[in-house]
Amino acid sequence: MNVMKAEQTRQIRRAALAAGVGAVLVAGVLLFVPDRDREAAAPGPEARAMAAVGAGAPAAPTDLAALIRDRETWLRTHPDDGAAWAVLGSAYVQHGVGLADPAYYPKAEQALRRSLAVAEAAAARERGAEKGGGTGAGNGNDDGKTGAARNPEALLGLGALANARHDYAAAKRWGETVRGSHPGQWAAYPVLITAYSGLGEYAAAGRALSKLKDLRTDAPVLTRAAEVYRDKGWREDAAAKATEAVAGATTPAEKAQALYTLGELAWERGEPTEALGHYNAALAVTRDHAASLAGRARTLVALGRTDEAARDYQAALGKLPRPEYALELGELYDSMGLDGDARTQYEALRARTVKARGHGVNEELVLARFEADHGDPQAAVLRMKSEWGQLHRSTEAADALGWALFRAGQEKEALKYAKRATNQGVRSALFSYHRGEIERALGMYGPARRHIEDALRTNPRFSPLLAPKALDALEALGEPADGGPVDVDGTGPEPPTLARKTPAAPAATASPGSPAASGSPSAGTPVPAVTAVPVPPAATAATAATAASVPGV
């Protein structure tokens, strides 16, 4: 191909990117004018990113950067191209998410709103021309829609931006606006699924997924299905969908995301070795997949390989500086006795959330988790009550609010949120542990034992700081009473039936028939010292009433 022909093809490609962007965003397909002199070349980075943005799929950071440069260049000479503004804004959003860099979000909002303004201006010109020509609204040109309604791509870009900022109520409004005017626009449903999940509206998220599956069945949709099924507690179904997504992935980014999802599911099941295999596979496909680096670090902690874990966390933070990764690394350092290193990570967490807030990002959930365990629990309560008031009522929000209330000494109020977090489907060792500790503080020892055991059964190494505390709590609670628990339903206090023993000097050998040999504690022979566990006053009457049926009472 000569130089002139190469330049001509490049210009056609750019024109296609601009003029055909609406179709791309709907169908995820980019068509090029073929070169009859040879077979079509593989799509370049701009086209790959365009297809990914249009399909709601993950795109490689380098491809997104190329697409952004291309659209910025085009728009310098074509500022009235509303479709190109929509693509640029959506690319900014995805690039910001992929780099955990909220500085892209104001630029995304500006581009997307510019796209809406261009569309509205075009619609106004059409209405003016029709009125001037006396043709009226019945000639087929005026469909009665505003410029915004004719520009679903920009609206969905704003929905994706709202989700990235954790403003799920706004994302829901944008997504439902598009669904109302364009019910067959499949790209509305991923936006809605994320928004509904962030608001705790899991039934609505399930319905949106069903509609999405009617419209598309590719790897990104299968991965999305795995995430929704996980929230419902359907572990086997979630793993099956993620496995299908791995097999059906058409790009390295799609495959890495599906493998990462499999890793997360295995980790939550308490299978760190299997999770490690999935994370390693994702990194073999896309070596800079930072979320898999952080996932691998988590599993290495569980496997006792803490030095390797710390290195992986640092590498993940270098590529994707999410505040939650800084919190996890800080807690790892805390568990290793490295207080200074832990403080460094906690300070970095605060700095990143301040920066994010400046770009419109809500990081209250991770801040509340940090404050509850490492800072000011009352501040965590205020943060999460504000979130709850804004209808951010996911299981994660319910757990964070319940735990913050508990840490602030408000156990009774904490319990209703802990119950909500553990009763909605998802099985989380952390949520179960939090509920168990709240119940233990309220004297509900049977339910406390059950939920702490469930946490350790679900994932015995769910946290380097809290898993050891869960073991200590379970030891302090002792074993259930012979004959069953006093309070089966867990609606009131139940006393522990075994006191926790502390080491004592060995007893002297007693001769048969002596008081010590008969087990009488009144003998002068040393016996193991016992640390009594306080019995709540409300349980005293129940204990006395059952004394005749419980051995040893």
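Draft legend 1. The overall build of the protein, seen in detail. A count of helical and extended segments in the protein gives 26 helices and two strands. When each of the 553 residues of the protein is scored for burial, the buried share is 46%. Look at the contacts in the protein between residues 6 or more apart in sequence, and 57% of them connect residues 24 or more apart.

Draft legend 2. Representation of the side chain of Glu-387 in the model. Inspection of the secondary structure assignment puts Glu-387 in helix α20 (residues 377–389). Contact partners of Glu-387, with chain neighbours within four places excluded, come to Asn-362, Glu-364 and His-392.

Draft legend 3. View of the packing of helix α7 (residues 152–164) against helix α9 (residues 188–199). At a closest axis distance of 10 Å, the pairing of α7 and α9 adopts a crossing angle of 25°. Judged on the interaxial angle alone, α9 and α7 are roughly parallel. Here the hand of the crossing between α7 and α9 comes out left-handed. Contacts between α7 and α9 involve Leu-156, Gly-159, Ala-160 and Asn-163 from the first element and Ala-188, Val-191, Thr-194 and Ala-195 from the second. Classifying every residue of the contact of α7 with α9 gives five nonpolar, three polar and no charged.

Draft legend 4. Spatial organisation of the nonpolar core. Ranked by size, the top nonpolar core spans 65 residues in total, and within it Leu-67, Leu-88 and Tyr-92 carry the most contacts. In contact with Leu-67, other than residues within four places in its own chain, are Glu-46, Ala-49, Met-50, Val-53, Val-87 and Ala-91. Ala-397, Trp-403, Ala-421 and Val-426 belong to the second-largest nonpolar core, a separate cluster that totals 36 residues.

Draft legend 5. Region of interest: the packing of helix α4 (residues 61–77) against helix α5 (residues 82–99). Relative to each other, α4 and α5 sit at 150°, their axes nearing to 9 Å. Between α4 and α5, the interaxial angle falls into the category roughly antiparallel. In terms of crossing hand, the pair formed by α4 and α5 is left-handed. Taken together, the residues of α5 that come into contact with α4 (itself represented by Pro-61, Leu-64, Ala-65, Leu-67, Ile-68, Arg-71, Glu-72, Trp-74 and Leu-75) are Ala-84, Trp-85, Val-87, Leu-88, Ala-91, Tyr-92, Gln-94 and His-95. Tallied by class, the residues present in the contact of α4 with α5 amount to 13 nonpolar, two polar and two charged.

Draft legend 6. A look at helix α25 (residues 466–477). The end-to-end C-alpha distance of α25, which contains twelve residues, comes to 16 Å, matching closely the 16 Å that a straight helix rising 1.5 Å per residue would cover. The set of residues buried in α25 consists of Leu-466, Ala-467, Ala-470, Ala-473, Ala-476 and Leu-477. Gly-478 sits one or two positions beyond α25 and adopts a positive phi of about 75°.

Draft legend 7. Representation of the pattern of salt bridges in the model. Summed over the entire model, instances satisfying the criterion amount to 26 salt bridges. A salt bridge links Glu-244 to Lys-241; the shortest N-O distance between them is 3.7 Å. Residue Glu-244 and its partner Lys-241 are both found in helix α12 (residues 235–248); the two are separated by three residues, about one turn of the helix. A network of salt bridges, in which partner residues are shared, links Arg-230, Asp-231, Glu-268 and Glu-396.

Draft legend 8. Structural context of helix α17 (residues 323–335). When the terminal C-alpha atoms of α17 are compared, their 19 Å separation across 13 residues agrees well with the 18 Å that a helix rising 1.5 Å per residue should span. In this fold, the buried residues of α17 make contact with α15 (290–302), α16 (306–319), α18 (339–358) and α19 (364–374). Just past α17, the residue Gly-337 takes up positive phi, approximately 80°.

Draft legend 9. Representation of the packing of aromatic side chains within the structure. Overall, the coordinates contain eight aromatic pairs when judged by the stated rule. For the ring pair Trp-403 and Tyr-433, a centre distance of 6.0 Å and an interplane angle of 50° mean the geometry is tilted. Of this pair, Trp-403 sits in helix α21 (residues 395–407) while Tyr-433 is found in helix α23 (residues 429–441), placing the two residues 30 residues apart along the sequence. For the pair Trp-403 and Tyr-433, one class covers both residues: buried. The residue whose ring lies beneath Arg-216 is Trp-186, and the NZ or CZ to ring-centre distance is 4.2 Å. Its guanidinium or amino end placed over the ring of Trp-234, Lys-232 lies 5.3 Å from that ring's centre, counting from NZ or CZ.

Draft legend 10. Examining the side chain of Thr-395 more closely. Mapped onto the elements, Thr-395 comes out in helix α21. Relative accessible area serves as the criterion here: at 1%, Thr-395 is assigned to the buried category. With residues up to four places along the chain from it excluded, the contact list for Thr-395 reads Tyr-202, Ala-421, Gln-424, Val-426 and Phe-431.

Draft legend 11. Local environment of the environment of Val-285. Structurally, Val-285 can be placed in helix α14 (residues 272–285). Among the residues examined, Val-285 registers a relative accessible area of 32% and is labelled partly exposed. In this structure, the C-alpha to C-alpha distance between Val-285 and Lys-255, residues 30 residues apart in sequence, is 7.4 Å. If sequence neighbours within four positions are ignored, Val-285 has contacts with Pro-252, Lys-255, Ala-256 and Leu-259.

Draft legend 12. Just the environment of His-451, in detail. Note on placement: His-451 falls in helix α24 (residues 445–458). By relative accessible area, which is 13% here, His-451 ends up buried. Sequence separation between His-451 and Arg-435 is 16 residues; the distance between their C-alpha atoms is 6.7 Å. When residues no more than four places from it in sequence are discounted, the contact partners of His-451 are Ser-432, Tyr-433, Arg-435, Gly-436 and Glu-439.

About the thresholds
Residues numbered from 1 in each chain as written. Predicted model: local features only at pLDDT ≥ 70, side-chain atom pairs only at ≥ 80, totals over all residues. Heavy atoms only, no water. Helix = DSSP H or I, 4+ residues; strand = E, 2+ residues; numbered from the N terminus. Buried < 20%, exposed > 50% of the residue type's maximum accessible area, 1.4 Å probe, protein only. Contact = heavy atoms within 4.5 Å. Axes fitted to C-alpha atoms, helices over the stretch in contact; angles between N-to-C directions. Parallel < 35°, antiparallel > 145°, perpendicular 65-115°, else oblique. Left-handed = near helix turned anticlockwise from the far one by under 90°. Nonpolar A, V, L, I, M, F, W, Y, C, P; charged D, E, K, R; others polar. Core = buried A, V, L, I, M, F, W, Y, C linked by side-chain atoms within 4.5 Å. Expected span 1.5 Å × (residues − 1). Salt bridge = Lys/Arg side-chain N within 4 Å of Asp/Glu carboxyl O. Phe/Tyr/Trp six-rings, centres within 6.5 Å; stacked < 30°, edge-to-face > 60°. Lys NZ or Arg CZ within 6 Å of the ring centre and 35° of its normal.

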